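Structural overview for review
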Amino acid sequence: LVLLFPPLQMLSLVSQSAAFSAPATPARAAVQMMDVSGLEAQASKLNPVVGYFDPLKLGEGEFWGDSNAATIGFLRESEIKHGRVAMAGFVGYIVHANDIRFPFDKIATSVPTGLAPQAVWDAIPE
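A brief structural summary. Just so we're clear, the structure is a prediction, and the values are computed from it rather than from any experiment.

When helix 3 (residues 36–46) is considered as a whole, its buried residues turn out to be Val-36, Leu-39 and Ala-43. Down the axis, helix 3 shows its buried residues gathered within 55° of arc, on one side only.

Listed below in structure tokens is the structure:
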């Protein structure tokens, strides 16, 4: 069996202690508060073509009576959160577009296949 599958030979060479040890976790970077000038410098470094783009001047505001650094931190955190929600929504769209269903979900299996993702949402029984 090992001779037929060369990858199995390679796996057998790995010692068990190395194969089952937990990977080393990198140290977390220190949290840094940033002001508008720090945002401008970071934006220019990350994307020199566009640079700093804030047409609504949200980076200069102070929300809920907090400092400007707290507002910038809130905006950065919410941008990451909303980006993750958008990515999850896109995955859901792709799942419905490819007619992927979980066999144990009675509601999903009751919806006909071959529909566009928008029609799948409309076909879900209430």
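Time to look at a nonpolar patch on the surface. Taken together, Val-49, Val-50 and Phe-53 make up a surface patch of nonpolar side chains, about 380 Å² in accessible area. Within the element layout of this structure, Val-50 appears in the loop between helix 3 and helix 4 (68–97).

It is worth spelling out the packing of aromatic side chains at this point. Per the counting criterion, the structure on display carries four aromatic pairs. Between Phe-63 and Phe-74, the aromatic rings sit 6.5 Å apart at their centres with planes inclined by 70°, giving edge-to-face as the arrangement. Here the residue Phe-63 occupies a position in the loop between helix 3 and helix 4, and Phe-74 occupies one in helix 4, the gap between them amounting to eleven residues. By relative accessible area, which is 37% here, Phe-74 ends up partly exposed. Relative to Phe-104, the ring of Phe-102 has its centre 5.5 Å away and its plane inclined at 25°; by these criteria the two rings are stacked.

It is worth spelling out the side chain of Thr-71 at this point. One can find Thr-71 in helix 4. Here Phe-63 takes part through its backbone nitrogen, which lies 2.9 Å from a polar atom of the side chain of Thr-71. Sequence-distant contacts of Thr-71, that is, excluding residues within four places in its chain, are made with Leu-58, Gly-61, Glu-62 and Phe-63.

Procedures and definitions
The numbering scheme is per chain: residues are counted from 1 as the chain's sequence reads. Residue-level local features of this predicted model are given only where pLDDT is at least 70; pairs of side-chain atoms are given and counted only at 80 or more, and the full residue set underlies all totals for whole chains, interfaces and linings. With hydrogens and water set aside, each side-chain value is computed from the structure's full complement of heavy atoms. Here the term buried applies to any residue with accessible area under 20% of the maximum for its type, exposed to any over 50%, and partly exposed to those in between, with areas from a 1.4 Å probe on protein chains only. Each helix is a run of DSSP H or I of at least 4 residues and each strand a run of E of at least 2, with the numbering of both proceeding from the N terminus. Of all possible arcs, the one meant is that of the directions from the helix axis to the C-beta atoms. Two joining distances apply to patches: 9 Å for like charges and 5 Å for nonpolar side chains (Val, Leu, Ile, Met, Phe, Trp, Tyr), and every residue must have over 30% relative accessible area and no salt bridge. Accessible areas in this description were obtained via Shrake-Rupley with a 1.4 Å probe; residue shielding takes into account the shown protein chains only. Salt bridge, as used here, is a side-chain nitrogen of Lys or Arg placed within 4 Å of a carboxyl oxygen of Asp or Glu. Between rings of Phe, Tyr and Trp, where Trp is taken as its six-membered ring, a pair exists when centres lie within 6.5 Å; planes separated by under 30 degrees are stacked, by over 60 edge-to-face, and by other angles tilted. N or O atoms within 3.5 Å of each other form a polar contact, as long as, within protein, one can give a hydrogen and the other can take it, and as long as residues adjacent in sequence are counted only when both atoms are side-chain atoms. Only heavy atoms matter for contacts: two residues are in contact if any of them lie within 4.5 Å across the pair.

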